[in-house]
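Structural overview for review
Each chain, letter by letter, is given below.
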Amino acid sequence: MTPRAITIRLAEPRDAQAVAMMSRDFVESGLGWKYDAARVLRAIRDRETLAVVACESGKSAASGNSRGALTGFAIMEFGDERAHLVLLAVRPSHRRLGIGQRLLEWLLESARVAGMASIHLELRAGNDAARRFYRAMGFYETVLVPGYYRGGEGRKEGALRMLRVLRVPGPVPYTWRPPRTEDT
C-alpha cells in the first residue's frame, strides 16, 4: 500500500459506525467504549468539531468516489483559542505509512486557519509509539495525569497530556483591513 493509495476526506454520517468500531478496537481497548456510533455521529455533525477519515482508494477512486475501506480517522474539537484532539487512530495493518501524519497535518492546518493558538491531547501514558509520533509532529509533554482513564474492574490508567503551540495566545492578528471609504 502506498501513501498515494490513501485519500483523506471529511467524515460523513455513514462513516460513524466504522469510526466507532476503530475507536473501540484501537483507542479505547480495555477502557470501556465511550465513542460509540451515536457519539461519533454527533461529533461528525457538530459545527465545532472536525472529523476526518483516511480511506483506501480502490476502483471507485478513478471515478472520483474515494469511499473505500477506512484505514484511519481523527476527531478534533475547536474552542475559542484551543483545539482538542479527541481521537486519532490508524489500523495496525496500515501504520507507518504516513496516514496518521496526513490526518494530523489536515487537522493542524484546519486549526491554523481557524485561528487556534494551540492543540491539546491526551494519550495513554504507556503508549510509547503514540508518544514518539506526537513528538515527531511537534507536540511536547505537559503533565502526567494518574488515573485519567478508567477501565473495567476498577482499573485506572494514567494519561500523558501533550501540547502543540500554533501561535501566541490572544487576539488573532488581522492582516487584512477593509478599504477606507471617503465621504464626498
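Below or above, wherever it landed, is the structure these notes cover.

What counts and how
Each chain carries its own residue numbering, running from 1 in the direction its sequence is written. Reporting of local features is limited, given that this is a predicted model, to residues whose pLDDT is at least 70; pairs of side-chain atoms are given and counted only at 80 or more, and all residues count toward the totals for whole chains, interfaces and linings. Only hydrogens and water are removed before side-chain values are computed, so all heavy atoms of the structure are retained for them. Each helix is a run of H or I in the DSSP string that is no shorter than four residues. Each strand is a run of E no shorter than two, and both are numbered from the N terminus. Relative accessibility thresholds used throughout: buried, under 20% of the residue-type maximum; exposed, over 50%; partly exposed, between the two (1.4 Å probe, protein chains only). Should any heavy atoms of two residues lie within 4.5 Å, those residues are counted as being in contact. Method for areas: the Shrake-Rupley scheme with a 1.4 Å probe, in which residue coverage is limited to the protein chains shown. The rule for pairing is simple: two strands pair if DSSP sees at least two bridges between them. Looking down the strands as they point away from the viewer, one classifies a crossover as right-handed if the path from the first strand across the helix to the second runs clockwise. Under the rule applied, a polar contact is a pair of N or O atoms within 3.5 Å (in protein, one hydrogen donor and one hydrogen acceptor; residues adjacent in sequence only if both atoms are side-chain atoms). Among buried residues, the Ala, Val, Leu, Ile, Met, Phe, Trp, Tyr and Cys ones that are joined through side-chain atoms within 4.5 Å form a nonpolar core. The term salt bridge refers to a pairing of a side-chain nitrogen on Lys or Arg with a carboxyl oxygen on Asp or Glu at a separation within 4 Å. Expected span, for any helix, means 1.5 Å times one less than how many residues it has. Note: the arc covers the axis-to-C-beta directions of the helix. The patches described consist of residues with a relative accessible area above 30% and no salt bridge, like charges being joined within 9 Å and nonpolar side chains (Val, Leu, Ile, Met, Phe, Trp, Tyr) within 5 Å. For the charge count, each Lys or Arg is scored as positive and each Asp or Glu as negative, with His and the chain ends excluded. In plain terms, the charge of a residue is placed at NZ if it is Lys, CZ if Arg, CG if Asp and CD if Glu. All axes here are fitted lines through C-alpha atoms, helices being fitted over the stretch that makes contact, and every angle between N-to-C directions spans 0 to 180 degrees.

This part covers the overall build of the chain. Looking only at helices and strands, the chain features four helices and seven strands. Element order for the chain, N to C, with α for helix and β for strand: β-α-α-β-β-β-α-β-α-β-β. Taking all 184 residues of the chain together, the buried fraction comes to 39%. A sequence separation of at least 24 residues applies to 66% of the contacts in the chain between residues at least 6 apart. Summing over all exposed atoms, the chain offers an accessible surface of approximately 11,200 Å²; the carbon and sulfur share of this is 51%.

Turning next to the pairing of strand β4 (residues 82-90). Most of β4 is tucked away: seven of the nine residues are buried. Here strand β3 (residues 70-78) folds back onto β4 in antiparallel fashion, the turn holding three residues. In terms of strand pairing, β4 meets strand β5 (residues 118-124) through four bridges, oriented parallel. Looking at the pairing, H84 lines up with H120 of β5. One crossover worth recording links β4 to the parallel β5 by way of helix α3 (residues 99-113), and it is right-handed.

Structurally, S118 can be placed in strand β5. Residue S118 is classed as buried on the basis of its relative accessible area of 10%. Among the polar contacts made by the side chain of S118, one reaches the side chain of H120 at a distance of 2.8 Å. Excluding its chain neighbours within four sequence positions, the residues that come into contact with S118 are E81, R82, A83, L163, R164, V165 and L166.

Looking now at the nonpolar core. Grouped burial of nonpolar side chains is what soluble globular proteins tend to show. Among the nonpolar cores identified, the biggest contains 29 residues, and M76, L85, L103, L104, I119, Y134 and F139 are the most heavily contacted of them. If you list the elements that add at least two residues to this core, you get β1 (6-10), β2 (49-56), β3, β4, α3, β5, α4 (128-136) and β7 (156-165).

So, about the pattern of salt bridges. Oppositely charged side chains are able to pair whenever their charged atoms sit close together. In the structure shown here, the tally under the stated rule is ten salt bridges. One salt bridge in this structure joins R124 and E157, with 3.9 Å as the shortest N-O distance. In this pair, R124 sits in strand β5 while E157 sits in strand β7, placing the two residues 33 residues apart along the sequence. Within this structure, D128, R131, R135 and E141 form a network of salt bridges that share partners.

As a further point, take helix α1 (residues 16-27). Across its twelve residues, α1 extends 15 Å between first and last C-alpha, which sits within 8% of the 16 Å expected from 1.5 Å per residue. Among all positions of α1, only A16, V19, A20, M22 and S23 are buried. Projected onto a plane normal to the axis of α1, the buried residues spread over an arc of 160° and lie on a single side. Among the structural elements, α2 (37-45), β2, β3 and β4 are those in contact with the buried residues of α1.

On the surface, a cluster of negative charge is made up of D46, E48, E77 and D80. Counting through the fold element by element, E77 comes out in strand β3. Of the residues examined, E77 reaches a relative accessible area of 37% and is grouped as partly exposed.

All right, on to unusual backbone geometry then. The backbone of R96 shows a phi angle near 65°, a positive value even though the residue is not glycine. Inspection of the secondary structure puts R96 in the loop between β4 and α3.

Ordered in space as β1-β2-β3-β4-β5-β7-β6, the seven strands form an open sheet in which the pairing is mixed. The open sheet has two edge strands, β1 and β6 (140-150), and neither has a second partner. Ignoring strand direction, the axes of neighbouring strands in this sheet form an average angle of 25°. Taken together, the seven bridges between β6 and β7 define a ladder with antiparallel strand orientation. Among the inter-strand pairings, V143 is bridged to a residue of β7, identified as R161. Across the face of the sheet, α1 comes into contact with β2, β3, β4 and β5 while running at roughly 90° to β3.

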